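# Report on the structure
Each chain, letter by letter, is given below.
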Amino acid sequence: VQLVESGGGLVQAGGSLRLSCAASGRTFSSFAMAWFRQVAGKERKFVAAITWSGGIANYDDSVKGRFIISRDSAKNSVALQMNSLKPEDTAVYYCAAAQSGWSRADQFYDYWGQGTQVTVNS
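Everything quoted here is computed from the prediction, not taken from an experiment.

### A short note on the layout of surface pockets
Volume-wise, the largest pocket comes out at about 170 Å³. Around the largest pocket sit Arg37, Gln38, Val39, Lys42, Glu43, Lys45, Pro87, Glu88, Asp89, Thr90 and Ala91, which together line it. Split into classes, the residues belonging to the lining of the largest pocket amount to 3 nonpolar, 2 polar and 6 charged.

Right, here's the structure in full:
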């Protein structure tokens, strides 16, 4: 089972990036999918999650109105569209999957990607 993130990079403040997470090894259509981020030396933090049906999305207040999470169950993938990026969005972003439903707590997630670096310059 693998989750592979892509789309990270360097961007100027105010710019946009789109992260993608491709799942393989099993079908994740019944899993909640989420994005977390982590700054070196700090705890991993919840960014956004989407239910297995794709009907409900949840966001941390720090990204609400700027980030959009979406999923394509047919393609076994989830994306994070990040707009109006700020330097404080700089982090390694991780894709995660949870069979038990979405949560803001990372311990409830069963599968994780390797992470992709997002750097936002001021």
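Next comes the rest of the description.
### Topic: unusual backbone geometry
Backbone geometry places Asn76, a non-glycine residue, at a positive phi of 55°. Under the relative-accessibility criterion, Asn76 is labelled buried at 15%. Residue Ser84 is not a glycine yet carries a positive backbone phi of 50°. Relative to the elements of secondary structure, Ser84 occurs in the loop between strand 8 (77-82) and strand 9 (91-98).

### Remarks on the environment of Gly115
Within the element layout of this structure, Gly115 appears in the loop between strand 10 (111-112) and strand 11 (116-121). According to the relative accessible area criterion, Gly115 is buried, its value standing at 16%. Between the C-alpha atoms of Gly115 and Val4, which are 111 residues apart in sequence, the distance is 7.7 Å. What Gly115 contacts, discounting residues up to four positions off in sequence, is Glu5, Val92, Tyr93 and Tyr94.

### Quick word on the nonpolar core
Counting residues in each nonpolar core, the largest one holds 27 residues, and the members touching the most others are Met33, Trp35, Leu80, Met82 and Tyr93. Of all the secondary-structure elements, those providing two or more residues to this core are strand 3 (17-24), strand 4 (32-38), strand 5 (45-50), strand 7 (67-72), strand 8, strand 9 and strand 11. Core analysis: the next-biggest nonpolar cluster, separate from the first, contains 7 residues, Ala34, Phe36, Ala49 and Ala98 among them.

### As for the pattern of salt bridges
Opposite charge on two side chains allows them to pair when their charged atoms are near. In total, this model carries 4 salt bridges according to the counting rule given. The residue Arg44 makes a salt bridge to Asp106 at a minimum N-O spacing of 3.4 Å. Of this pair, Arg44 sits in the loop between strand 4 and strand 5 while Asp106 is found in the loop between strand 9 and strand 10, placing the two residues 62 residues apart along the sequence. For Asp106, a relative accessible area of 24% corresponds to the partly exposed category. Asp61 serves as the salt-bridge partner of Lys64, at 3.1 Å between the closest nitrogen and oxygen. Residues joined by salt bridges that share partners form a network here, namely Arg37, Arg66 and Asp89.

What counts, and where the lines are drawn
Residues numbered from 1 in each chain as written. Predicted model: local features only at pLDDT ≥ 70, side-chain atom pairs only at ≥ 80, totals over all residues. Heavy atoms only, no water. 1 Å grid on protein atoms, 1.4 Å probe; cavity = no way out; pocket = protein on both sides within 12 Å on 5 of 7 lines; lining within 4 Å. Points joined across faces, edges and corners; volume = space filled by probe spheres on them. Nonpolar A, V, L, I, M, F, W, Y, C, P; charged D, E, K, R; others polar. Buried < 20%, exposed > 50% of the residue type's maximum accessible area, 1.4 Å probe, protein only. Helix = DSSP H or I, 4+ residues; strand = E, 2+ residues; numbered from the N terminus. Contact = heavy atoms within 4.5 Å. Core = buried A, V, L, I, M, F, W, Y, C linked by side-chain atoms within 4.5 Å. Salt bridge = Lys/Arg side-chain N within 4 Å of Asp/Glu carboxyl O.

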